[in-house]
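Examination of the molecular architecture
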Amino acid sequence: MTLKTGIFRFNILLKKFLLNEGKVRVSNAAKEILFAAEGVNVLGELQLLNHLNDAKGTLSIRQLQLGSKLHFTDTRSPFEFADSVLKLNELKGHVHGGTYEGAAQLNTGVGGPGFLLNLSLREVDLASLLPDLSSGNNLLQGLLQLQVQLAGDLNQPLLMQGTGSMQIGRARLTGIPALDKLGTMLKLPQIRETEFESIQGNYKVADQRVTFYELEAKSPDLQMTGSGFLGFDRKLDMDVLLILSAKLAAQIPPEAPGSLFLR
């Protein structure tokens, strides 16, 4: 900050700063929330290098919201701000009953405003997470382990791109109508309640959809493999191969319709 008083000029440099219980809210032109934070605490130091303000310190956020639905709590990380890029290299916190850690960057300079995320989520409770995302019936239940790398523009966050992998333990596909229809066709309504030992696969994020590759679900009586996509508009389009165990297949009554064959 520069103060001028007549022929005198004073340069004042803020070298240390402390922010307690701050709030941040970022919305687009349609007033949709892109980013919001409450309970923001920052302790840092500023340096004036080549007439640029660089900073480093520690950051903690009690409540962090990305988009309108995804919530994180107790986020903390050291930070560095240089060349108009904010780096959070040791992010840690909680998300829907689980934990997460990783790194994030926010570019406010040339090429910005853009973001990079590299996160690892562990033991996330999908029964808690998905009702917030879907505002309806649970699509999926289980404990999620997720690796995700995302990059995008804060002005158009839905156009983000990235890749990752996922694994869900003790999973139930309770919100997928196709399983209900299959159970009705085969006269096996219990298919809907199948608990899978695990569901795992790889995915990419692009074109406002999540595209799955090598998706595999296993249980003692039912195995599923498939590929396809889940759109940000919740449209689901999957090609799936189902294999029933001999024990489950033996329960299909003779009058069940459809083209079936045994293997």
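**Considerations on the packing of aromatic side chains**
With the rule as written, the count across this model stands at 2 aromatic pairs. A cation over a ring is seen here: Arg209 above Phe229, with NZ or CZ 3.7 Å from the ring centre.

**So, helix H2 (residues 177-186)**
Within the sequence span of H2, burial applies to Leu179, Leu182, Gly183 and Leu186. Down the axis, H2 shows its buried residues gathered within 100° of arc, on one side only. Residues of H2 that are exposed and point over 90 degrees away from its buried face: Pro177, Lys181 and Thr184. The elements touched by buried residues of H2 are strand E15 (236-244). Following H2 by one or two positions, Lys187 adopts a phi angle in the positive range, close to 60°.

**Looking at the environment of Gln63**
Tracing the chain through its elements places Gln63 in strand E5 (residues 52-66). The class of Gln63 is partly exposed, set by a relative accessible area of 36%. The spatial distance from the C-alpha of Gln63 to the C-alpha of His94 is 9.8 Å, given a sequence separation of 31 residues.

About the thresholds
Residues numbered from 1 in each chain as written. Predicted model: local features only at pLDDT ≥ 70, side-chain atom pairs only at ≥ 80, totals over all residues. Heavy atoms only, no water. Phe/Tyr/Trp six-rings, centres within 6.5 Å; stacked < 30°, edge-to-face > 60°. Lys NZ or Arg CZ within 6 Å of the ring centre and 35° of its normal. Buried < 20%, exposed > 50% of the residue type's maximum accessible area, 1.4 Å probe, protein only. Helix = DSSP H or I, 4+ residues; strand = E, 2+ residues; numbered from the N terminus. Arc of directions from axis to C-beta. Contact = heavy atoms within 4.5 Å.

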